[in-house]
Amino acid sequence: MENIEIAHVLRDVAVLLEIRGANPFRVRAYENAARTIEGHTTPLRKMVDDGANLTELPAVGKDMASHIIELVTAGRLSLLDELAQEIPLTLIELTRLPGVGAKKAKRLWDELGVETIDDLERAASQGDIARLAGFGEKSQQKMLSAIAAYRRRTGRYRLADAEKLVEPLVEHLRGLAGVQRIEVAGSYRRRRETVGDVDLLVIAQEAEQVMERFTSYQGVRHVELAGATKATVVLTWGLQVDLRLLPPESYGAALQYFTGSKEHNVKLRKRAGARGLSISEYGVVRVPEGSDTVDAGPGELVAGQDEADVYAAVGLPWIAPELREDRGEIEAAEGGDLPELITIEDLRGDLQMHSTWSDGKHSIEEMLDGCLERGYEYFAVTDHSKALAMTGGLDAARLREQWEEIAEVAARRQEIRILRGMEVDILADGSLDLEDELLQQLDVVLVSVHSRFDLPAARQTERILRAVAHPAVHVLAHPTGRLINRRDPMDFDVEEVLAGCAEHGVIVEHNAHPERLDLKDTHLMRARELGLRVSLGTDAHRVGDLDLMKYGVDQARRAWLGTEDVVNTYSLERLLKVLRKR
DNA sequence: GCCGTTTTCGGCCCGACTGTTTTCAGTCG
């Protein structure tokens, strides 16, 4: 069982305890433990195997430790089973609807017998919800639209979540002698923000052994099919993984084929057709003279072993998987205009992170050490402003105190430059949650929306436009406010806001946190077209989160961004010049 | 349920918004 699964179980327990009316701090203890575990890089199953002391992990005490051990060794948690005796597990899903928490879920169940989202939809359509004391017509309508939104996004997994399940599986297979190559294709390889199912491609000597090792993997919930060259298994949460064994001579063609996207491949095949060639997952074949169908049997094999050869066969350079969406990449490849994409090594700093001054878990100096380890030349401390009370957001007085600490740390640690920043809340009317006098003294001012996500589109647009027009603002952070698979983006005119940023020279953030990835790739592409600069920020709340940068880089690559587009690839000197220009 | 230390229990992120009320509970960030 992987860390992310353990965390998931503990979160389920938290919800059930809350429904049961448990002490709220007990509930939070489970949530806190889940957060720790999810962000922990060493697999807990390894720690358990090694007999490590789990209570040394933050938020993990005696009880959590024994829960973890039980989950790792038995694959289940008796506490969860007990709770499930009392409360239908499906209520957990109910609480994922915005506006429905534990209390309401319990009442809906107690008073209307609602156990599932389907039940709730039925009750709401019949008007049963509005009749309940404390509920009304509006609540009922909100629930219906929440259900509709929820339905729109099920079935896909956030890339980072899928990765946490798939990477250990790939490692498991790699451990087998005779496995020569193994690669994940599909949208996973294209680094899409979410993936449906996962395609594994393998070259190996002993087919049977590979299949056996795959289907008997500890994370497999059940085996869908297991043939000689193809097997399908289902992991936790229904994530489906297909494995294909391939002969070396067609590995490149298969990699190309299964990486997709479908649209990209269609265009590529059309191009092949025009050249008397045919591309399939087995290779590129010259169509025999006089043959009128494209798949008219065996022709001369022109390419197949390497992916680059497949592209070369149709007169193109290799195209990075992140670009393969038929968004102009084939045309660009033809004209020699493929962008030089940003890589993780290009980054020289991180422009959004939090410290213990607000809701971060590590001190400024600890974050500094983390940034040094990642080879950065600079980083911005961007704690929250006071409007975000729950995070301990800073008011003017505390911000000044923070500056003293920054100055003190900076004086001692001159190997890296600390930028004095803040993530300032955009208030409902578009004004900023910090006095101008202080804004002007910051090296980098991020602004972002954390409240009133539901304003009518026109007002929301106006609100954000007003904020980016403020002369002290440098960066519009996580512009749409979406949380992937959890909260839809705010309703506003993205195009107008991007235009506003362009007008005022405001940088747009691409928030690298895998739950946000905000702006999303297509909006990021648009930003680039408009000549906007982009800042990649992890929004780290602990040192380990600094590694989330790779997800930001993935999406930046999908948006065709290169180093010129991304300000935190610039030298410190150049970055400061850009920031001062505002 | 965890943490810290004050070795035995008290504190644990808090304020605003919403829809329903008519003074507030629930939810959210």
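All values reported here derive from a predicted model rather than from experimental measurement.

Focus: the packing of helix H18 (residues 364–373) against helix H19 (residues 396–412)
Packing of H18 against H19 brings their axes to within 10 Å, and their N-to-C directions diverge by 45°. Regarding the angle of H18 to H19, the classification is oblique. The handedness of the crossing between H18 and H19 comes out as right-handed. In this structure, H18 contributes Ile 364, Glu 365 and Leu 368 to the contact, and H19 contributes Gln 402, Glu 405, Ile 406, Val 409 and Arg 412. The residue inventory of the contact of H18 with H19, partitioned by class, reads four nonpolar, one polar and three charged.

A word on the packing of aromatic side chains
Applying the stated rule across the entire model yields one aromatic pair. With centroids separated by 4.9 Å and ring planes inclined at 85°, the aromatic side chains of Tyr 257 and Phe 258 adopt a geometry described as edge-to-face. A relative accessible area of 30% places Tyr 257 in the partly exposed class. Here Phe 258 falls in the buried class, since its relative accessible area comes to 14%. The ring centre of Tyr 188 lies 5.4 Å from the NZ or CZ of Arg 191, which sits over that ring. Seen from the ring of Phe 453, Arg 487 lies directly overhead, with NZ or CZ sitting 4.0 Å from the centre.

Examining the layout of surface pockets
Of the voids in this model, the second largest pocket is the one considered here, and its volume is about 510 Å³. Around the second largest pocket, the lining is made up of 22 residues, and of these Arg 153, Glu 193, Arg 482, Asp 488 and Pro 489 lie nearest the centre. Listing elements by their share of the lining of the second largest pocket, those giving two or more residues are helix H10 (137–153) and helix H23 (521–529). Per-element tally for the lining of the second largest pocket: the top contributor is H10, with three residues. Residues that form the lining of the second largest pocket fall into these classes: four nonpolar, five polar and 13 charged.

Reading the values: the criteria
Residues numbered from 1 in each chain as written. Chains lettered and ligands numbered in written order. Predicted model: local features only at pLDDT ≥ 70, side-chain atom pairs only at ≥ 80, totals over all residues. Heavy atoms only, no water. Axes fitted to C-alpha atoms, helices over the stretch in contact; angles between N-to-C directions. Helix = DSSP H or I, 4+ residues; strand = E, 2+ residues; numbered from the N terminus. Parallel < 35°, antiparallel > 145°, perpendicular 65-115°, else oblique. Left-handed = near helix turned anticlockwise from the far one by under 90°. Contact = heavy atoms within 4.5 Å. Nonpolar A, V, L, I, M, F, W, Y, C, P; charged D, E, K, R; others polar. Phe/Tyr/Trp six-rings, centres within 6.5 Å; stacked < 30°, edge-to-face > 60°. Buried < 20%, exposed > 50% of the residue type's maximum accessible area, 1.4 Å probe, protein only. Lys NZ or Arg CZ within 6 Å of the ring centre and 35° of its normal. 1 Å grid on protein atoms, 1.4 Å probe; cavity = no way out; pocket = protein on both sides within 12 Å on 5 of 7 lines; lining within 4 Å. Points joined across faces, edges and corners; volume = space filled by probe spheres on them.

Coordinates in, geometry out; function isn't part of it.
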